[in-house]
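Per-entry structural report
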Amino acid sequence: MRVRTIGAAAALLLVVSGCGGGDDEAKKSIADSIMKASDSGLSVKQSEADCIAGGFVDDIGVDKLKKYGILTEDGKTDESLSDVKMSADDADAAASAFLDCVDLTELLNDQMQLDTMDEATATCVKEAFSDDVMHDVLAATFQGEDPTSAAPDMVTKLQECMTS
C-alpha cells in the first residue's frame, strides 16, 4: 500500500550510500547512484542527489560507510545492503540528509499522486508523512529496525486518510 513509499525512500538511501575513495569522488558516486535509483521509480532531481550525496559524505564519512558494509574496501558499493545497521547518530544524519535535500511533498505527489486526491485526503496523507515521521522511519531503517515501528500511528493515520 502507501507504506511502499517509505520502503522506496529507505532503499534509495541505501543505494545512495555507495561511493568511491575521496570525498569529492564519493559525492559524485553517491549522486550517480541516486540518479540510477531514480530511474527505477523514485524520482529525484540532480540537485537533490548532489545534496544528499554531500550530506552522506560530510556527515557520515567514507570510512564509516565502509565500516557499515555499504562500501567495500576498494570503495565500491556493496550489493548486499540488506543488513545495514548504522549507529543512531549516523542513521539520524542519513535521514536528515535526505529530508534536508528532497521536497517531501513533491516526492509524495510523485509516488502517491496526491494531485489526484481530494484536498482533504491529500492534506491528511501529507500530515501522515510529515518530515518528523519520515525522519524517524528513515533513521529506524538505517539502524536495521522495522521502519513502521518508528511511527506506529502512521499506518493507522494513512488508513484513516484513505477511508474518510
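Above: the structure in question.
Residues numbered from 1 in each chain as written. Predicted model: local features only at pLDDT ≥ 70, side-chain atom pairs only at ≥ 80, totals over all residues. Heavy atoms only, no water.

1. Comments concerning the environment of aspartate 136
Just so we agree on the cut-off: The way it works is that DSSP assigns letters per residue, a run of H or I at least four long becomes a helix, a run of E at least two long becomes a strand, and they are numbered from the N terminus.
By the secondary structure assignment, aspartate 136 is in helix α8 (residues 131-142). For the pair aspartate 136 and aspartate 92, spaced 44 residues apart in the sequence, the C-alpha separation amounts to 8.1 Å.

2. A short note on the side chain of threonine 121
The test is simple: Per-residue accessibility, obtained with a 1.4 Å probe over protein chains only, is compared with the maximum for each type, and a residue is labelled buried under 20%, exposed over 50%, and partly exposed between these values. Note on contacts: a residue pair is in contact if any heavy atoms of the two residues lie within 4.5 Å.
Tracing the sequence through the fold places threonine 121 in helix α7 (residues 119-128). A residue is classified by how much of its surface remains accessible, and threonine 121, at 10% relative accessible area, is buried. Residue contacts for threonine 121: discarding those within four places in its chain leaves Cys161, Met162 and Ser164.

3. Thoughts on the nonpolar core
Most often, soluble globular proteins keep nonpolar side chains buried together rather than apart. Our working definition: Throughout, nonpolar core names a set of buried Ala, Val, Leu, Ile, Met, Phe, Trp, Tyr and Cys residues whose side chains join them through atoms within 4.5 Å.
Core analysis: the largest hydrophobic core is formed by 46 residues, its most contacted members being Phe56, Ile60, Met86, Val125 and Phe129. Of all elements in the fold, only α2 (23-39), α3 (46-59), α4 (62-67), α5 (88-101), α6 (104-112), α7, α8 and α9 (152-163) reach the threshold of two or more residues within this core. Ranked by residue count, the leading element in this core is α5, at eight residues.

4. Considerations on α9
Let me state the cut-off plainly: The directions from the helix axis to the C-beta atoms are what the arc is built from.
Among all positions of α9, only Met154, Leu158 and Cys161 are buried. The buried residues of α9 occupy one face: seen down the axis, they fall within an arc of 60 degrees. Those residues of α9 that are exposed and aimed more than 90 degrees away from the buried face are Pro152, Asp153 and Thr163.

5. Considering the pattern of salt bridges
Our working rule: Whenever a carboxyl oxygen of Asp or Glu lies within 4 Å of a side-chain nitrogen of Lys or Arg, that contact is scored as a salt bridge.
Applying the stated rule across the entire model yields three salt bridges. With a closest N to O distance of 2.9 Å, aspartate 58 and lysine 27 form a salt bridge. Of the two residues, aspartate 58 sits in helix α3 while lysine 27 sits in helix α2, which places them 31 residues apart along the sequence. Look at lysine 27 and you get partly exposed, because its relative accessible area is 23%. Of the charged contacts in the structure, one is a salt bridge between lysine 157 and glutamate 127, with a shortest N-O distance of 3.7 Å. Of the two residues, lysine 157 is situated in helix α9 and glutamate 127 in helix α7; the sequence distance between them amounts to 30 residues. Classification of glutamate 127 as partly exposed rests on a relative accessible area of 48%.

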